[in-house]
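# Coordinate inspection notes
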There are 2 protein chains.
Amino acid sequence: MKRGILFIALCCLMPLLVWPANKNLKYVEASSLTLVGKAMPTPANVYHRVDVEKYSDMPKHVKNLFTYSAGLAVSFKTNSPTVVARWTTEGKRVMGNMTPIAQRGLDLYMYSDDGWMPVGVGTPTAGKTEHECCLVKNLKSGEHRFLLYLPLFDEITSLEIGVDSAAVITAEPSPFRHTILIYGSSILHGASASRAGLAYPARMARNTGFNFVNFGLSGSGKMEPAVANMLKDVRADAFVLDCMPNPLPEEITERTQYLVKTIREHHPGVPIILVETFMREDGYSDQQMHERCIRQSEAFIEQYELLKKEGVKDIYLIRDNHAIGTDHEGSIDGTHPNDLGFDRLVRQYQPQIMKILKRYGIR
Amino acid sequence: MKRGILFIALCCLMPLLVWPANKNLKYVEASSLTLVGKAMPTPANVYHRVDVEKYSDMPKHVKNLFTYSAGLAVSFKTNSPTVVARWTTEGKRVMGNMTPIAQRGLDLYMYSDDGWMPVGVGTPTAGKTEHECCLVKNLKSGEHRFLLYLPLFDEITSLEIGVDSAAVITAEPSPFRHTILIYGSSILHGASASRAGLAYPARMARNTGFNFVNFGLSGSGKMEPAVANMLKDVRADAFVLDCMPNPLPEEITERTQYLVKTIREHHPGVPIILVETFMREDGYSDQQMHERCIRQSEAFIEQYELLKKEGVKDIYLIRDNHAIGTDHEGSIDGTHPNDLGFDRLVRQYQPQIMKILKRYGIR
């Protein structure tokens, strides 16, 4: 009898013990706030990067990857001391070289006296597509501005942000100006930052105040003509091409001219910056990879010089001067930088990119 | 009919297409090679860190975590151009803030003209406990020395290293001298390095040539008396206590004296270095965490000063001077450093630790 009463009492208490106490929270659709990092409307899903129905002739892998929310962030402000999130992802395959937080989780930054400061992450539920997580709590009273970075390597199908029921949450304008579109490989995409806000375009955006748009395509930044054609329609103040690691040397030779000339023709006067990626870390041990990296680099530089010789204007080349460091510790797997490698890469590339942009009055 | 023939032909070809071509490889038990980073024999499983049967009165969580292979590495040499691995893990729960490679994968270093260089990782198979992976291939001919770091956050139950069938693989002595035992929290344990070789004791070992032994216990480095008693039996040239983040302030006050005095009594003349961890990153936004960090630090410093006042000899304190940096980007989740944070932490702690060790002739 006593046990029965205890059981009933426990059942009554359970809802109070379960976090979060939903009755004290209210949720808003993130899509009703400001989405940062977009380069075009995407009617099928606001969290896609490219309208993959419209550009249906792009390769299948490319279209799939453009549905991932890499580089997107939600800008809002609230006076809630607690911020939580509920979100769903498609559940793409688990990646060995990414944390679940970076792959399909969330990364919250708050604007502080020190600038943008990470204040909490959304850890996804392992093996599930529905996730719920408290991002930050016990904040100082007052209104704060936030940027919530979305998953790097999954498609996000819904996102709600929860705040205390008595608090106010509203859209905040994008904190970033101009549009600097970067097209490229998995390194650009964010492999292998430990969380989304540490992907290098996100870091450069917070550092500079410029809107660096992430068109990274893990393993598939191969400069196909259909992708070049899609870029015709993107309004940007500058284009950065960081795609060298993905195409074969022969593909670099075949495709660079069309990619650069297509952008040049459709966006006259806008700088196009080609970024070399010289030696993958595993090229220091794997002799075949070493050879491949050299051939890719030679093909890339050759194409750049050909374009210059032909008089294509406003194109620039940034050489890779051991961008992720010389101690061999800047990569997780011989291919992708870790946060240490990305930190070094940003220190090397950002000033060079900014110097070029400055010449065009982009400041 | 044609389809039938095609099917049979494909079935015959399949074994040739499946990697690795096992007939060209031979495997050795890693336990027959040299295991680096051990502080005691562990009869139940050579890849445990502590004999958890012998020290059965330690808390359950502590015993479980000491079965994880954090900090252990296999030392060997081979003239094989390819190195592969087959291994099994217990399959502990997926961690949101770790890459699968760091949690239950492998991390291979090769000795080169530049010193120890990472040359490949073993990516575990998602959702499985049996894993197989090529670690490195196409190496320059000749004999090379290797260190293979084991999973940080799982128990490894078997490990075989595969090389070309015509190659020779033999045990290589540990490349590290002395034993510097570090006891502590998840940060020491390796959360959240991107791969096992980037956990900070592993980095310091390669930097200095000293054998830094990882007794990190994720969330459970709480200085319990039973753990202090286990440390009586560990022969070490120095003890580093980096456990401040885990115990409550009250536990720090209750337990520090017994831990330090037990080590002092059983290892006379050996330096004991207490490491402060001051402010967690989330303490900059979460007011309650801020308060807790201050109280932990006050309790820890108070205990150190009490020990000094009592005349306990050969004890040292390393203060936390923003060890993971001041830009707030050195952590994945507000608690655990990422590779960038660890790089900064090593730069701050290593010279201070080495200076103390030098006084004791440990060089």
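Residues numbered from 1 in each chain as written. Chains lettered and ligands numbered in written order. Predicted model: local features only at pLDDT ≥ 70, side-chain atom pairs only at ≥ 80, totals over all residues. Heavy atoms only, no water.

Attention shifts here to the interface of chain A and chain B. Interfaces are often sized by the accessible area lost when the parts come together. At the interface, 43 residues of chain A touch 43 residues of chain B. Taking both sides of the interface into account, the surface hidden between chain A and chain B amounts to around 3400 Å²; carbon and sulfur atoms contribute 55%. The partner of E329 of chain A in a salt bridge is R195 of chain B, with the nearest N and O atoms 3.1 Å apart. The tally of links from chain A across to chain B stands at 22 residue pairs in polar contact (both at pLDDT 80 or more). (Contact = heavy atoms within 4.5 Å. Buried area = accessible area lost by both parts, 1.4 Å probe. Salt bridge = Lys/Arg side-chain N within 4 Å of Asp/Glu carboxyl O. Polar contact = N/O pair within 3.5 Å; in protein donor to acceptor, adjacent residues only side chain to side chain.)

On inspection of all chains with the given rule, the structure shows 14 aromatic pairs over all chains. Ring geometry for Y68 of chain A versus F153 of chain A: centroids 6.4 Å apart, planes at 75 degrees, classification edge-to-face. Of this pair, Y68 of chain A sits in the loop between α2 (60-66) and β3 (73-78) while F153 of chain A sits in the loop between β8 (144-149) and β9 (156-164), placing them 85 residues apart in sequence. With respect to burial, Y68 of chain A and F153 of chain A carry one shared label: buried. Centroid distance Y316 of chain B to Y360 of chain B: 6.1 Å. Interplanar angle 90 degrees. Geometry classified as edge-to-face. Taken together, the residues span a long stretch of sequence, with Y316 of chain B in strand β15 (residues 315-318) and Y360 of chain B in the segment after α9 (339-359) at a distance of 44 residues. Assessed through its relative accessible area of 16%, Y316 of chain B is described here as buried. Residue class for Y360 of chain B comes out partly exposed when judged on its relative accessible area of 24%. Positioned above the aromatic ring of Y27 of chain A, the side-chain terminus of R86 of chain A is 3.5 Å from the ring centre. (Phe/Tyr/Trp six-rings, centres within 6.5 Å; stacked < 30°, edge-to-face > 60°. Helix = DSSP H or I, 4+ residues; strand = E, 2+ residues; numbered from the N terminus. Buried < 20%, exposed > 50% of the residue type's maximum accessible area, 1.4 Å probe, protein only. Lys NZ or Arg CZ within 6 Å of the ring centre and 35° of its normal.)

Superposing chain A onto chain B takes a rotation of 180 degrees plus a shift of 0.0 Å along the axis, which leaves an RMSD of 0.0 Å. These values place the two chain copies in the arrangement generated by a two-fold rotation axis. A share of 100% of the interface residues of chain A reappears at the interface of chain B, consistent with the copies meeting face to face through the same patch. (Least-squares fit on C-alpha atoms with pLDDT ≥ 70 in both.)

Another aspect to go through is the sheet that holds strand β1 (residues 25-29) of chain B. Residue and element names in this part refer to chain B. Across the sheet, four strands lie side by side as β1-β9-β4-β7; this open sheet has antiparallel pairing. Edge strands, defined here as strands with exactly one partner in the open sheet, are β1 and β7 (130-136). Geometrically, the sheet is characterised by an average inter-axis angle of 25 degrees between neighbouring strands, direction not taken into account. Strand direction decides the pairing type here: β1 and strand β9 (residues 156-164), joined by five bridges, are antiparallel. Its bridge partner being in β9, K26 is matched across the sheet by V163. (Pairing = 2+ DSSP bridges. Axes fitted to C-alpha atoms, helices over the stretch in contact; angles between N-to-C directions.)

Attention shifts here to α9 of chain B. Turn by turn, an α-helix covers 3.6 residues, leaving residues three or four places apart pointing in a common direction. All names here are of chain B. In this model α9 runs 30 Å from its N-terminal to its C-terminal C-alpha over 21 residues, within 8% of the 30 Å that 1.5 Å per residue would give. Y349 marks the point of greatest bend in α9, at about 25 degrees, and the proline P351 comes within the next four residues. Residue G361 follows α9 closely and has a positive phi angle near 75 degrees. (Expected span 1.5 Å × (residues − 1). Bend = angle between axes of the 7 residues up to and from the residue.)

Here the focus is the environment of S80 of chain B. Residue and element names in this part refer to chain B. One can find S80 in the loop between β3 (73-78) and β4 (83-89). When the C-alpha atoms of S80 and A167 are compared, they prove to be 5.1 Å apart, with 87 residues separating the residues in sequence. Once residues within four sequence positions are removed from consideration, S80 is found in contact with L139, V163, D164 and A167. A polar contact of 3.0 Å, which involves the side chain of S80, links it to the backbone nitrogen of D164.

All names here are of chain B. As enumerated under the stated definition, the model contains zero disulfides over all chains in all. With no disulfide partner, C134 has as its closest neighbouring cysteine sulfur the one in C133, 6.8 Å distant. No disulfide involves C243; its nearest neighbouring cysteine sulfur is the one of C293, lying 15 Å away. (Disulfide = S-S within 2.5 Å.)

All names here are of chain A. Here chain A is partitioned into domain 1 (20-37 + 72-171) and domain 2 (177-359). A separation of 29 Å is found between the C-alpha centroids of domain 1 and domain 2. Listed per partner, the contact involves 16 residues of domain 1 and 20 residues of domain 2. Here domain 1 and domain 2 share an interface that buries about 1400 Å² over both sides, 61% of which is from carbon and sulfur atoms. The largest per-residue losses of area from domain 1 upon contact with domain 2 belong to N97, L152 and F153, which jointly make up 37% of the total buried on that side. Linking domain 1 with domain 2 are one salt bridge. Two residues, R195 and D107, come together in a salt bridge whose shortest N-O distance is 3.1 Å. Remark: the boundary between domain 1 and domain 2 carries 10 residue pairs in polar contact (both at pLDDT 80 or more). Looking at which element gives the most residues to the side of domain 1 that touches domain 2, the answer is strand β6 (residues 115-122), with three residues. (Domains from an automatic or database assignment.)

So, on to a negative patch on the surface. Residues and elements named next belong to chain A. Taken together, the side chains of E291, E298, E302 and E305 present a region of like negative charge at the surface. Inspection of the secondary structure puts E302 in helix α8 (residues 287-309). The class for E302 is partly exposed, based on a relative accessible area of 47%. (Patch = residues over 30% accessible without salt bridge, like charges linked within 9 Å, V, L, I, M, F, W, Y side chains within 5 Å. Areas by Shrake-Rupley, 256 points an atom, 1.4 Å probe, with all protein chains shown as cover. Lys, Arg positive; Asp, Glu negative; His and termini not counted. Charge placed at Lys NZ, Arg CZ, Asp CG, Glu CD.)

Turning to the sheet that holds strand β7 (residues 130-136) of chain A, a few remarks are in order. Residue and element names in this part refer to chain A. On the basis of which strands lie adjacent, the open sheet formed by four strands has the order β1-β9-β4-β7 and antiparallel pairing. Each of the sheet's edge strands pairs with one partner strand only, and the pair in question is β1 (25-29) and β7. Across this sheet, the average inter-strand angle for adjacent strands is 25 degrees, counted without regard to direction. Here strand β4 (residues 83-89) pairs with β9 via seven bridges, running antiparallel. Its bridge partner being in β9, T88 is matched across the sheet by S158.

With respect to the helices and strands, the residue T99 of chain B is situated in the loop between β4 and α3 (100-104). Assessed through its relative accessible area of 4%, T99 of chain B is described here as buried. Excluding its chain neighbours within four sequence positions, the residues that come into contact with T99 of chain B are G96, N97, M98, T99 and I332 of chain A together with S194 of chain B.

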